Amino acid sequence: MSSFKRDKKEEEDTGGNPYQNLDKTIILQEARYFNETPVNPRKCSHILSKILYLLNQGEKLTTQEATDAFFATTKLFQSKDVMLRRMVYLCIKELSKLAQDVIIVTSSLTKDMTGKEDLYRAAAIRALCSITDSTMLQAIERYMKQAIVDKNPAVSSAALVSALHLSSTAPDLVKRWANEAQEGINSDNAMVSYHALGLVAATRRNDKLSTVKLVTRLAKSPIKSPYALCLLIRLAAQLVEEDDSDASQPYMEFIECCLRHKYEMVNYEAAHAIVNLRKTDRDLAPAVSVLQLFCGSSKASLRLAGARTLARLTAKHPTAVAACTVDLENLISDPNRSVATLAVTTLLATGAESSIDRLMKQISSFVSEISDEFKIVVVKAIRRLCTKFPRKHQSLAAFLAGMLRDEGGLEYKAAIADAIIALVEENPDAKETGLAHLCEFIEDCEHTTLAVRILHLLGREGPKSRQPSRYIRFIYNRVILESGPVRAAAVSAVAQFGAQRPELLPNIKVLLSRCELDDEDEVRDRAILYNAILETGDPNLINDYIVNIHKPNPVLLERALRDHIDAKLEEPFDIMAIPTEEEKQTKEDIVEVEVRKPVQVSIEEIYAEQLAKIPGIERLGPLFKTVPHFDLTEAETEYRVRLLKHIYARHVVLQFECTNTLNDQILEQVHVRLEPPQDYEIKTIVPCQKLVYDKPDSVYLVLEYPSAYFDSLGTFGATLEFVVRDYDPNTGVADAGDGYADSYPLEEFDMGCSDQLRAKAGIDDWEQAWERAERASEATDTFVLPQHDINEAAKAVCDHLGLSKNAITGDAVKEIRGGGIFRGGAPVLVRARIASSSAGVTMKLVARSPREDLAQLLLAAVG
Amino acid sequence: MVHKKVNIDGSLFEPTLYLVKGMCILDNDGNRILAKYYDPAILPTTKEQKAFEKNLFNKTHRANAEIIMLDGLTCVYRSNVDLFFYVMGSSHENELILQSVLSALYESVSILLRRNVEKRVILDNLDAVMLAFDEICDGGIILDGDATSIVSRTALRTDDVPLGEQTVAQVLQSAKEQLKWSLLK
């Protein structure tokens with residue numbers, strides 16, 4: 001030991017880091033010392049920490065190296081040194097992910113976990129549970145149960161936390177420990193009580209009734225641990241959210257009570273819950289006053305917590321936040337820029353038009369100092385202001401343009417561009433200035449994607465402006481100066497001008513023919529295509545291929561192409577059959593700093609994976625659309641069944657997503673007996689072989705549509721049929737018998753027009769499209785609607801036909817102008833005029849489609 | 001399919017014990033001394049982690065603002081001499097809980113290092129600090145939030161300098177320091 005100490009001294013003298021320049025091979029060599037007897041605890045401990053340090057720095061060990069190190073480490077179990085033993089556990093945990101045969105240490109760890117030394121026991125439990133698998137769990141179960149109720153809090157906590165980790169892999173087993181965990185909730189030790197509550201809540205996650213019991217019981221005799229209280233508040237808040245009736249009143253009272261708790265952590269948790277639950281300003285008052293206090297705190301985290309939660313509140317309850325204006329004003333110059341940004345943006349959202357200029361000045365004073373995420377928050381706040389105070393657009397647009405010129409990442413620049421684009425689209429007065437700012441920006445923009453987007457916008461909006469020729473110069477500059485993708489986008493934009501402004505056509509043709517000599521294939525191809533189309537002068541052709549282009553969803557397009565190659569190469573591929581990209585829903589405007597956003601996936605993409613299981617599905621052609629799921633059973637019943645309808649050109653796939661909510665039953669051979677309307681033909685049934693507790697699985701039915709469109713409307717009856725087998729959740733053994741057959745009636749469902757129609761998102765030139773369809777077959781009828789209010793009536797009709805609500809225009813007389821594509825690819829246009837008369841609400845519906853039966857079907861769907 | 005109860009706008013905090021996404025200690029050049037990340041979905045590779053740490057360090061080493069939101073994470077931090085302590089949680093998490101974990105981390109390391117919270121000392125006692133990490137957070141679950149109990153569980157090597165070899169003055173000195181700190185707290 002003495003020599004080692006000297007070594008260490010020397011290292012210190014050189015002032016170096018003993019962990020610098022560690023070499024993996026040398027250290028793994030050093031692991032040989034572990035074999036020496038007697039074990040030198042200090043030295044070995046130091047070597048272990050070197051190994052751990054290496055792993056922590058991201059050094060990669062091969063499986064062999066890890067296994068060798070692991071086995072060397074196990075030799076150290078002979079030492080009685082507490083610290084060394086603890087380091088061994090730590091090493092076991094780290095190496096177990098990389099090494100093989102780690103199970104070898106199970107017996108040593110089990111010995112430690114049941115031994116006398118408390119310091120070993122807790123850590124041994126955690127190490128053991130990290131290497132064990134579900135088969136071995138059975139063997140240690142008894143010890144785990146004992147450990148959970150152990151007197152020593154460290155041991156108890158360790159067992160509870162390990163149980164929680166295990167519950168993701170062996171939920172049934174861990175559930176059996178719930179009784180022991182229950183006792184732990186009332187422990188005097190704060191952490192034990194927290195972990196016990198966490199485990200109990202996790203095992204009951206899907207069992208609402210017992211969660212209700214748990215929360216009710218604990219809300220009456222509050223626990224002391226602040227962490228546990230926070231968790232309890234979250235559980236209670238979830239219950240309130242799910243059930244907003246008077247029954248949830250006690251939980252609400254409990255949460256309000258927590259506002260006055262001595263720990264700030266708990267106060268905040270409660271205030272946050274209330275803010276996100278309450279509907280009226282008056283109920284919010286106590287929570288808001290707590291947050292208000294936080295804003296004046298000396299701790300930055302408290303101020304941030306307060307400001308952030310208040311900021312969230314602005315969207316729903318601006319008046320409640322208005323009471324805190326003074327406190328927020330004080331935060332504008334906060335040293336923590338995050339807090340300052342939140343304060344300013346909140347004030348912007350709640351403030352009056354008069355205060356905007358002052359606040360903008362404040363922001364510009366520190367905008368360069370804050371991180372990109374917060375700059376985005378500011379940009380979004382300004383974007384909302386543009387909508388709220390259209391008259392201020394001049395100064396706001398100027399501010400945004402200023403920000404656009406500053407340094408910043410792509411995401412930040414994209415947010416600004418978005419804001420300006422929104423401004424241009426919403427506010428006709430701001431269009432010219434907004435476009436001018438964007439033109440200036442693309443002159444010097446290093447982000448290709450952004451430049452392409454802006455060029456696209458210029459192509460769309462530019463031709464409608466008073467002086468379209470101004471923009472052409474900017475766009476054409478791109479063709480000369482930029483990279484391939486940008487040039488291609490610029491060509492498309494130029495073509496738009498040619499298509500929509502006949503007076504510019506000759507000039508555009510000259511520009512396009514210049515582009516035909518480009519180096520890049522894409523640019524050349526586009527130029528030639530557009531030139532050729534413009535040459536024809538055919539308005540339909542120009543409309544379909546330049547102005548309103550069909551934009552298929554790329555993910556589904558890829559899948560459809562793959563299916564096409566697999567199944568039917570000889571037939572032509574129909575790109576129109578692919579669902580179009582949906583318009584992104586603009587989310588509620590909340591001042592929020594969240595950078596990691598969930599990726600938006602369309603419902604078709606989610607289920608495409610699951611549908612691939614059905615044999616022969618590729619023969620049905622590309623998926624036309626998926627109708628979002630709805631329940632075929634009441635909530636809170638034994639079995640939950642949700643229906644999804646996947647529509648194909650001539651087929652429909654019914655997906656019954658079933659969930660078994662009884663943990664003492666297994667369902668086998670689950671299938672659905674369907675009573676379809678006449679002329680529907682059931683092609684394939686894919687039953688679900690086994691349905692275990694809480695693991696949803698699906699039954700699929702493939703049906704062929706009747707040959708006449710008109711017959712496709714109808715109502716389906718369905719019954720769930722299955723064989724029940726009893727199952728003991730405690731032992732995890734299913735009953736050996738055959739089980740008995742049973743059935744469960746499901747609610748009826750319809751196949752309507754909305755299911756089979758894919759509405760076109762916002763047709764810009766509906767008027768023209770309607771005119772062009774004049775020669776198509778037309779069906780007209782007049783209806784009396786049951787609704788009393790024309791607004792409601794219009795919405796109901798849209799729902800019924802599957803049109804988007806944006807299609808509704810007009811005030812006294814509502815007019816619906818919509819259109820879409822029916823399954824199979826035939827376009828449909830609809831015009832409905834709705835007016836209230838003495839007899840009620842009447843509607844005149846006109847449908848135009850190249851196929852007469854389709855037009856008739858639309859009328860039938862309403863009638 | 002994952003059946004997780006997520007409310008519509010995700011505004012309420014989720015009732016889970018997995019609150020801590022990561023903890024780390026960096027030196028005054030932003031290099032990692034010790035770091036643990038607990039959520040396999042967040043920063044899965046060491047390369048990403050180190051890039052994140054560099055970014056975090058650049059954003060925090062000058063301004064002592066104690067909390068920052070970065071890359072979708074809420075990071076609370078604290079520094080002393082040449083060390084920076086960070087605790088990371090989801091951007092949708094109770095900041096004060098994270099703050100309490102940070103103070104548990106800082107306090108326990110500080111006790112373990114006998115109030116000499118600096119790089120040289122921490123490297124000499126890295127094993128103890130590793131154990132402290134392990135005692136504060138287990139796979140994202142807060143294991144303990146009380147510094148004294150964490151230290152007692154990390155099995156601090158009391159025989160560092162055998163008591164017999166310590167001079168009376170040393171013993172007195174350390175006793176004095178302990179007292180001073182307990183008063184200052």
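Residues numbered from 1 in each chain as written. Chains lettered and ligands numbered in written order. Predicted model: local features only at pLDDT ≥ 70, side-chain atom pairs only at ≥ 80, totals over all residues. Heavy atoms only, no water.

Under the annotation held in an unreviewed UniProt entry, chain B carries the name Coatomer subunit zeta and is attributed to Pieris brassicae.

As named in an unreviewed UniProt entry, chain A is Coatomer subunit gamma, taken from Pieris brassicae. Looking at chain A in UniProt, the text filed under Sequence similarities (unreviewed entry) is "Belongs to the COPG family." Its UniProt record gives chain A the following Subunit (unreviewed entry) comment, quoted word for word: "Oligomeric complex that consists of at least the alpha, beta, beta', gamma, delta, epsilon and zeta subunits." (UniProt positions renumbered as here; feature names shortened; annotations may be inferred.)

Peer 1: Tell me about the overall build of chain B, and please be specific about residues and values.
Peer 2: When helices and strands are tallied, chain B shows 6 helices and 7 strands. Secondary structure of chain B in N-to-C order comes out as β-β-α-β-β-β-α-α-α-β-β-α-α. Counting across all 185 residues of chain B, residues that qualify as buried make up 57%. In chain B, 51% of the contacts between residues at least 6 apart in sequence involve partners at least 24 apart. Taken as a whole, chain B presents about 8,000 Å² of accessible surface, with 54% of it coming from carbon and sulfur. (Helix = DSSP H or I, 4+ residues; strand = E, 2+ residues; numbered from the N terminus. Buried < 20%, exposed > 50% of the residue type's maximum accessible area, 1.4 Å probe, protein only. Contact = heavy atoms within 4.5 Å. Areas by Shrake-Rupley, 256 points an atom, 1.4 Å probe, with all protein chains shown as cover.)

Peer 1: Can you lay out the pairing of strand S3 (residues 67-70) of chain B for me, pointing to particular residues and giving the numbers?
Peer 2: All names here are of chain B. The alternating pattern of S3 places Ile67 and Met69 and Ile68 and Leu70 on opposite faces, both of which are buried. Inspection of the sheet shows S3 paired to strand S4 (residues 73-80) by 4 bridges, in the antiparallel sense. In the sheet register, Met69 faces S4, and the bridge partner there is Thr74. Taken together, S3 and the strand that follows it, S4, pair antiparallel across an intervening segment of 2 residues, in which Asp71 is found at a positive phi of about 45°. (Pairing = 2+ DSSP bridges.)

Peer 1: Please give an account of the packing of helix H29 (residues 484-500) of chain A against helix H31 (residues 521-536) of chain A that cites residues and values.
Peer 2: Residues and elements named next belong to chain A. Interhelical geometry of H29 versus H31 gives an angle of 10° and a closest axis separation of 9 Å. The angle between H29 and H31 places the two elements in the roughly parallel class. Two secondary-structure elements touch here, H29 through Gly484, Arg487, Ala488, Ala489, Val491, Ser492, Ala495, Gly498 and Ala499 and H31 through Glu522, Val523, Arg526, Ala527, Tyr530 and Leu534. Split by residue class, the contact of H29 with H31 holds 9 nonpolar, 3 polar and 3 charged. (Axes fitted to C-alpha atoms, helices over the stretch in contact; angles between N-to-C directions. Parallel < 35°, antiparallel > 145°, perpendicular 65-115°, else oblique. Nonpolar A, V, L, I, M, F, W, Y, C, P; charged D, E, K, R; others polar.)

Peer 1: Explain the interface of chain A and chain B to me, using residue names and the numbers behind them.
Peer 2: On the side of chain B, 64 residues touch chain A, which itself brings 75 residues to the contact. Here chain A packs against chain B, burying approximately 6,500 Å² in sum over the two surfaces, 55% of which is carbon and sulfur. Inspection of the chain A/chain B interface yields 8 salt bridges. Note that Arg308 of chain A and Glu95 of chain B form a salt bridge whose closest N and O atoms lie 2.8 Å from each other. Counting residues per element, the side of chain A that touches chain B draws most heavily on helix H14 (residues 226-242) of chain A, which supplies 9 residues. Grouping the amino acids of the side of chain A that touches chain B by side-chain chemistry returns 34 nonpolar, 17 polar and 24 charged. (Buried area = accessible area lost by both parts, 1.4 Å probe. Salt bridge = Lys/Arg side-chain N within 4 Å of Asp/Glu carboxyl O.)

Peer 1: Can you lay out the confidence of the model for chain A for me, pointing to particular residues and giving the numbers?
Peer 2: Considering every residue of chain A, the mean pLDDT works out to 81; 93% of them sit at 70 or more. Overall, residues 584-598 of chain A carries pLDDT values under 50, and its contacts beyond four positions in sequence, including any with other chains, amount to 35 contacts. (pLDDT = per-residue confidence, 0-100.)

Peer 1: Kindly report on the sheet that holds strand S1 (residues 625-631) of chain A, identifying the contributing residues and their values.
Peer 2: All names here are of chain A. Reading across the sheet, the 5 strands line up as S1-S2-S3-S7-S5 and stay open at both edges, with antiparallel pairing between neighbours. The sheet is open, and its two edges are formed by S1 and strand S5 (681-686), each paired on a single side. Each strand of the sheet is rotated relative to its neighbour by a mean of 20°, with strand direction disregarded. With 5 bridges joining them, S5 and strand S7 (residues 697-704) adopt antiparallel strand pairing. Counted as the bridge partner of Ile682 is Leu703 from S7.

Peer 1: Tell me about helix H22 (residues 356-366) of chain A, residues and numbers included.
Peer 2: Since the α-helix turns once every 3.6 residues, residues separated by three or four places project in the same direction. Residues and elements named next belong to chain A. Here H22 has its buried residues at Ile356, Leu359, Met360, Ile363 and Phe366. Buried residues along H22 cover an arc of 135° about the axis, so they all sit on one side. Buried positions along H22 lie against helix H21 (337-350), helix H23 (372-388) and helix H24 (393-405). (Arc of directions from axis to C-beta.)

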